[in-house]
Amino acid sequence: MDNKTLIDQNQSTWESFWKKNPTGFDSIMKQATLYFAKTLNKKYPIQPDDHILDLGCGPGFLIDYLKDKCELIHGIDISEKYIEICKEQYKDQKNLSISVNNSYDHDGYNQIIVEKKINKVIMLSVLQYYKDLDEVRNLILYLKKVSGQQSFRCILADIIPENNSVIADLKSIIKNSVGKGHTIDFIKFLFYVFFSDYRNTKKNGMLHINESFFTNLGQELDLKVQIVKNLTVHSGRYSVIIDY
Ligand SMILES: C[S@@+](CC[C@H](N)C(=O)[O-])C[C@H]1O[C@@H](n2cnc3c(N)ncnc32)[C@H](O)[C@@H]1O
């Protein structure tokens, strides 16, 4: 099997994994999302006039935290089921809109950014499921195309560097779950990680990206890029803020 076939297979595996709407993570993911949301709001406060695009919104945990703190929020995901859950849960939320978009639908993202006057794009724990670095580069490049019409900040959070240790990830999760009294959720999560589709899918790998990828791209595209530590529960991971 050649490299390209392998990469395509990985992509379709993660895509189909997420499209199946896995629920085994939900409580741990919710706690991790809440940690990020609170830390973000402390370091870079959400403004009442913010228009936010939550790219890869999943079942809507970030939406839940942000929806009453900003003027408008739009959620996108590749999983129809996650979007259905969000629509049902927040059907009375007037400042919220949601759509299913295909992976790498850059024109679709740009259209939403312009139409909804988005000034913050947040992508939390999504890039590790991207096919390869070219697609990450395309995302950053395409977002630049729309910045002539709408200036905005893009927060790419929870990025896994190449030397990341799984043990360190696990320790961070323990600290944030067991340490806060969610031991049963953590045990369920462990069972899920070891005895589900997740384990098989993960064998194909996740995308690891070094900080230099973003800083170099920032220089090449003349974009202001900041590397930020400790925005998410995973102490070995990092986040990137790009001002377009
Ligand atoms: C770990 S979950 C994070 C969900 C949410 N951002 C949060 O942190 O609460 C990863 C999400 O990324 C979505 N996803 C995976 N690949 C994607 C892609 N190429 N484009 C957009 N969303 C994607 C999945 O459907 C899933 O909802």
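Residues numbered from 1 in each chain as written. Predicted model: local features only at pLDDT ≥ 70, side-chain atom pairs only at ≥ 80, totals over all residues. Heavy atoms only, no water.

The next thing to look at is the site of the ligand. Around the ligand, the structure places 15 residues, and the nearest of them are Thr-33, Gly-56, Gly-58, Asp-77 and Leu-124. A distance of 2.8 Å is found between an oxygen atom of the ligand and a side-chain nitrogen or oxygen belonging to Thr-33. Within the contact set of the ligand, a nitrogen atom lies 3.4 Å away from a side-chain nitrogen or oxygen of Ser-103. Coverage of the ligand by the protein chains reaches 97% of its 590 Å² of free accessible surface. For the shell around the ligand, the residue count by class is 9 nonpolar, 5 polar and 1 charged. (Near = heavy atom within 4 Å. Polar contact = N/O pair within 3.5 Å; in protein donor to acceptor, adjacent residues only side chain to side chain. Areas by Shrake-Rupley, 256 points an atom, 1.4 Å probe, with all protein chains shown as cover. Nonpolar A, V, L, I, M, F, W, Y, C, P; charged D, E, K, R; others polar.)

On inspection of all chains with the given rule, the structure shows 12 salt bridges. Its salt-bridge partner being Arg-153, residue Asp-243 comes within 2.8 Å of it at the nearest N-O pair. Taken as a pair, Asp-243 in strand E7 (residues 238-243) and Arg-153 in strand E5 (residues 153-159) lie far apart in primary sequence, 90 residues in all. Its relative accessible area of 22% is what places Asp-243 among the partly exposed residues. For Arg-153, a relative accessible area of 21% corresponds to the partly exposed category. Notably, a salt bridge pairs Lys-229 with Glu-211, separated by 2.8 Å at the nearest N-O pair. Here Glu-211 lies in helix H10 (residues 211-221) and Lys-229 lies in strand E6 (residues 224-229), a separation of 18 residues in the sequence. With a relative accessible area of 30%, Glu-211 lands in the partly exposed category. Each of the salt bridges in this network shares a partner with another, and the network as a whole consists of Asp-64, Lys-67 and Asp-68. (Salt bridge = Lys/Arg side-chain N within 4 Å of Asp/Glu carboxyl O. Helix = DSSP H or I, 4+ residues; strand = E, 2+ residues; numbered from the N terminus. Buried < 20%, exposed > 50% of the residue type's maximum accessible area, 1.4 Å probe, protein only.)

This part takes up the layout of surface pockets. Here the second largest pocket is characterised by a volume of approximately 150 Å³. When residues in the lining of the second largest pocket are grouped by element, the largest group, 3 residues, is from helix H7 (residues 166-177). For the lining of the second largest pocket, the residue count by class is 2 nonpolar, 5 polar and 2 charged. (1 Å grid on protein atoms, 1.4 Å probe; cavity = no way out; pocket = protein on both sides within 12 Å on 5 of 7 lines; lining within 4 Å. Points joined across faces, edges and corners; volume = space filled by probe spheres on them.)

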